[in-house]
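# Results of the structural survey
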Amino acid sequence: MCGIAGIFAGRGNAVTPQTLQDLSEAIRHRGPDGHGYFAWAPGGSGTFGGSSEICRGQQLGLAHRRLSIIDLSEDGRQPMSTEDGRFTVIFNGEIYNYLEIRKELEGLGRRFRTSSDTEVLLQAYAHWGADCLARLVGMWAVAIFDNTSGELFLARDPFGIKPLYYMTVDGAFVFASEVRALLTYPGAPRTANPAALHDYLRFGFTDRGAETMITGITALAPAHFVLISADKPTQVHPQRYWRIDPGAAPRRVSRDDAAAELQDIMRRNMELHLRSDMPVSIALSGGLDSASIVMMEKDLRRQKETRTFSFIADSPEINEEAWIDLLIDRSGVKGHKVWVDPRSLSDDLDNMVRAADEPFSTTSIFAQTKVFEAVSAAGFKVILSGQGADETFAGYLPYLSSRLRGLLGKGQLARAARFVRASSRENQVSPAYIITRLLGQISTGSVEQVLRRGAGEPLTPAWLNKAWFDRHGVTTRGVARNRRDAPLKDHLANTLFDYTLPAILRHTDRTSMAQSIECRVPFLTTELVEFAYALPDDYLIDDTGRTKSILRQAMRGIVPSEILDRRDKIGFDTPQQEWLAANMGTWDAALESDAFRTIPAFDHQQVDAARKTMHRDPQAIGLSLWRWVNLARWADLNGIRFS
């Protein structure tokens, strides 16, 4: 787990050592255990060193920041080259199945000098090229340079667990693990992306494939790789190497066999994700996902003592302490609970905005930050988290509408009616909740406008400056339209790759790495996701409306029945309204600042009117307030322009 950066200058140009050093320093927190540089010029064999000065006069400069998790010796340091010097790698992430791949490569005649997963990745690329990506189980952002061809290969893991951003400036290709590192580069773009800005302010969407909040800075999308040539470093054409087909015909497998197979996959995933030369902790809520990780870790007995870390909310509606206590008692782990003082939210805001790289949508990142601070204070570098299970096994309530749509699409009207009644009881929601969201999925733009107005939720709020967005060609788009032939699986894929999970993974990466902690997610492997997406819909959400049905069955006998049979869905939530109300003075200062007043995306009179209403009635405080403040601080701290 590390940070990476690099500069590939155009022909006839050279890397400036200070610019590469600035990129490296900006991601120091991602790798405090060591650093290194690699430099190359055409006709040379490449140079390694501990100072960016080796890059003076060179066309390529690579920088690495190391967080030691596997192979703690100096042998595991990066940049690392193959024995013949042809390939050089800088790598951020972990390859969990590196022992199995190493054994296969040794059988093919490859020799190894270290015990690191980095060398396994390097040798795998040297042997199979980009095809090696299909063999990897892990999370990665990797750059590998081929000294013979003069090509730089960059790749990102299938789910985008690890970040990788790039831009082209003055004929150079520049990349780094974080946007804030790229902003240290002379001439880096700083103009806000109007379309991304609109989606953030209106819907809270922050992470969509290759787009970022800054025009000219691009994310290498999950499941993509790219080859950059020394002759034409500004020509960037990413290629996708893995995808899910939501419309594929489901497998013919019994429910019992599917549950047994899922349990086997989860057991393998846990064994791989527990590989570490450092102790591994676990993020524990009272829900099914983290409970599965804790109880399976106990079952595997890979550690003498396991420590868990849990956020405890003050609000009784979202407090899961009783469930957390139950799991601590049943598993025998040593639990650590984290409480948060909401008044410190405003004090920590700027540090969180810097760490987050781009604006974020909710205050949950504050609680997450405090949890990772506790993990670091306890001396841990690795933690497991249950992220990805909801988007894989249909854990969110809006998926109920997609399941209903699938039944209606097959003409199963009676079954659909029974599903609505049963789902309402099971999930403690009204039938109107399910049906309204179904109408939202199938409605046209004009019908959606009517539905939103009826619900008191216009598609374009009064506080948005619609004229400014119109001038920049931003078309207001509503909810995603799921495929008619596979509404549930397509809905899952949208949240897995486009909407929900990308933002969650970015938040987790930044808040964990700000504390130099590696967060691993055992639910996010291609084997597990391909398995889940190949199941019949009713294995994910059964006819009683039970979400994550097959996962619950697979964990029966491992996870306590009280957890498996919970009917409420809380997730990692915070008492946002109370927290925001406790810091109104700070928010007022941010929204009255010159930095905010000059942002043309707002109708500032309407913002002021809404803010006055919030002061009179705290119940009127919503997440729009958080987004306004977050954007104001992000723009100010990073010198963002809106013209």
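Right, let's get into empty space enclosed by the protein. Space left empty within the atom packing is revealed by a probe, the size of a water molecule, rolled over the atoms. What the rule picks out here adds up to seven cavities of 30 Å³ or more. Taken as a whole, the largest cavity spans an internal volume of roughly 180 Å³. Contributing to the lining of the largest cavity are 20 residues, with Arg156, Tyr165, Asp207, Gly209 and Pro502 lying nearest its centre. The dominant element in the lining of the largest cavity, judged by the number of residues it contributes, is helix H18 (residues 500–513), at four residues.

This paragraph deals with helix H10 (residues 364–377). For H10, which comprises 14 residues, the first-to-last C-alpha distance of 20 Å matches the rise-based estimate of 20 Å (1.5 Å per residue) to within 8%. Among the 14 residues that make up H10, 11 are buried, leaving the element largely enclosed by the rest of the structure. Within the sequence span of H10, burial applies to Ser364, Ile365, Phe366, Ala367, Gln368, Thr369, Lys370, Val371, Phe372, Ala374 and Val375. A positive phi of about 90° marks Gly379, the residue just after H10.

The element strand S4 (residues 60–66) is extensively covered by neighbouring structure, given that seven of its seven residues are classed as buried. On S4, burial covers both faces: Leu60, Leu62, His64 and Arg66 on one face and Gly61, Ala63 and Arg65 on the other are all buried. As judged from the seven bridges shared by strand S2 (residues 34–40) and S4, these two strands associate in the antiparallel manner. Considered in S4, the bridge of Tyr37 is made with Ala63.

Attention shifts here to a nonpolar patch on the surface. A cluster of nonpolar side chains, namely Ile435, Leu439 and Ile442, defines an oily patch on the protein surface of about 240 Å² accessible area. Secondary-structure assignment places Leu439 in helix H14 (residues 431–442). Using a relative accessible area of 37% as the deciding quantity, one classes Leu439 as partly exposed.

A negative phi angle is the norm for most residues apart from glycine, just as the trans form is the norm for most peptide bonds. Cis geometry marks the peptide bond from Gln78 to Pro79; its omega dihedral reads 0°. The backbone of Gln428 shows a phi angle near 55°, a positive value even though the residue is not glycine. Its place among the elements puts Gln428 in the loop between helix H13 (413–427) and H14.

Next up on the list: the packing of helix H5 (residues 194–203) against helix H27 (residues 623–638). If you want to describe how two helices pack, look at the angle between their axes and the distance between the axes. Running from amino to carboxyl end, H5 crosses H27 at an angle of 145°, the nearest separation of the two axes being 8 Å. Packed against H5, whose contacting residues are Leu197, Tyr200, Leu201, Arg202 and Phe203, the element H27 presents Trp626, Arg627, Trp628, Asn630 and Leu631 at the interface. Split into classes, the residues belonging to the contact of H5 with H27 amount to seven nonpolar, one polar and two charged.

A few words on the layout of surface pockets. By volume, the second largest pocket is sized at about 380 Å³. Forming the walls of the second largest pocket are 21 residues, and the residues nearest its centre are Pro250, Lys410, Asp485, Pro536 and Asp537. Sorting the residues of the lining of the second largest pocket by element identifies helix H12 (399–409), helix H17 (487–497) and helix H20 (537–540) as the ones contributing at least two each. Sorting elements by how many residues they give to the lining of the second largest pocket places H12 first, with four residues. Partitioned by chemical class, the residues of the lining of the second largest pocket number nine nonpolar, four polar and eight charged.

Okay, the packing of aromatic side chains next. Taken as a whole, this structure holds 25 aromatic pairs when the rule is applied. Centre to centre, the rings of Phe153 and Phe225 are 5.5 Å apart; their planes meet at 35°, and the pair counts as tilted. With a gap of 72 residues between them, Phe153 in strand S8 (residues 151–156) and Phe225 in strand S12 (residues 224–229) connect regions that are remote in the sequence. Exposure class is identical for Phe153 and Phe225. Each is buried. Ring plane angle 75° and centroid distance 5.9 Å describe the contact between Phe309 and Phe380, whose orientation is recorded as edge-to-face. Pair noted here: Phe309 is in strand S15 (residues 307–311) and Phe380 is in the loop between H10 and strand S17 (382–384), with a separation of 71 residues, a long-range link. You'll find Phe309 and Phe380 in the same group, each marked buried. Here a set of aromatic residues connected by ring pairs shows up, and it is made of Phe8, Phe38, Trp40, Phe48 and Phe145.

So, on to the nonpolar core. Counting 84 residues, the largest nonpolar core has Leu197, Leu201, Trp587, Phe602, Leu625, Trp628 and Leu631 as its most contacted members. When residues of this core are assigned to their parent elements, the largest contribution, eight residues, is made by H27. Once you skip the residues sitting within four places of it in the chain, Trp587 turns out to touch Leu345, Ser346, Leu349, Leu580, Leu625, Trp626 and Val629. Counting residues in each nonpolar core, the second largest holds 74 residues, with Trp242, Met270, Ile312 and Ile434 among its members.

Looking now at the side chain of Arg506. Topologically, Arg506 is positioned in helix H18. The class of Arg506 is buried, set by a relative accessible area of 4%. At a separation of 2.9 Å, a polar atom in the side chain of Arg506 contacts the main-chain carbonyl oxygen of Pro359. Residues contacting Arg506, with those up to four places away along its chain left out, are Tyr165, Thr206, Asp207, Ala356, Glu358 and Pro359.

On to the pairing of strand S7 (residues 138–146). For S7, a buried count of nine out of nine residues is recorded, marking the element as mostly surrounded by other parts of the structure. Here S7 shows two buried faces, one formed by Gly138, Trp140, Val142, Ile144 and Asp146 and the other by Met139, Ala141, Ala143 and Phe145. Across six bridges, S7 lies against S8 in antiparallel orientation. From the neighbouring strand, Ile144 faces S8, where its bridge partner is Phe153. Between the antiparallel neighbours S7 and S8 lie four residues, among them Gly150 with a positive phi of about 70°.

Attention shifts here to H17. Summarising burial for H17: 11 of the 11 residues are buried, a large majority. Taken together, the buried positions of H17 are occupied by Pro487, Leu488, Lys489, Asp490, His491, Leu492, Ala493, Asn494, Thr495, Leu496 and Phe497.

One pass over the structure, following the stated rule, counts 45 salt bridges. The closest approach of N and O atoms between Arg415 and Asp538, which form a salt bridge, is 3.6 Å. On the criterion of sequence distance, the pair formed by Arg415 in helix H13 and Asp538 in helix H20 is long-range, its members being 123 residues apart. Relative accessible area serves as the criterion here: at 22%, Asp538 is assigned to the partly exposed category. Glu518 serves as the salt-bridge partner of Arg520, at 2.5 Å between the closest nitrogen and oxygen. This pair shows no difference in class: Arg520 is buried, exactly as Glu518 is. Salt bridges here are not isolated pairs; linked through shared partners, they connect Arg30, Lys162, Glu178, Arg180, Asp357, Asp509 and Arg510.

Thresholds applied
Residues numbered from 1 in each chain as written. Predicted model: local features only at pLDDT ≥ 70, side-chain atom pairs only at ≥ 80, totals over all residues. Heavy atoms only, no water. 1 Å grid on protein atoms, 1.4 Å probe; cavity = no way out; pocket = protein on both sides within 12 Å on 5 of 7 lines; lining within 4 Å. Points joined across faces, edges and corners; volume = space filled by probe spheres on them. Helix = DSSP H or I, 4+ residues; strand = E, 2+ residues; numbered from the N terminus. Expected span 1.5 Å × (residues − 1). Buried < 20%, exposed > 50% of the residue type's maximum accessible area, 1.4 Å probe, protein only. Pairing = 2+ DSSP bridges. Patch = residues over 30% accessible without salt bridge, like charges linked within 9 Å, V, L, I, M, F, W, Y side chains within 5 Å. Areas by Shrake-Rupley, 256 points an atom, 1.4 Å probe, with all protein chains shown as cover. Salt bridge = Lys/Arg side-chain N within 4 Å of Asp/Glu carboxyl O. Axes fitted to C-alpha atoms, helices over the stretch in contact; angles between N-to-C directions. Contact = heavy atoms within 4.5 Å. Nonpolar A, V, L, I, M, F, W, Y, C, P; charged D, E, K, R; others polar. Phe/Tyr/Trp six-rings, centres within 6.5 Å; stacked < 30°, edge-to-face > 60°. Core = buried A, V, L, I, M, F, W, Y, C linked by side-chain atoms within 4.5 Å. Polar contact = N/O pair within 3.5 Å; in protein donor to acceptor, adjacent residues only side chain to side chain.

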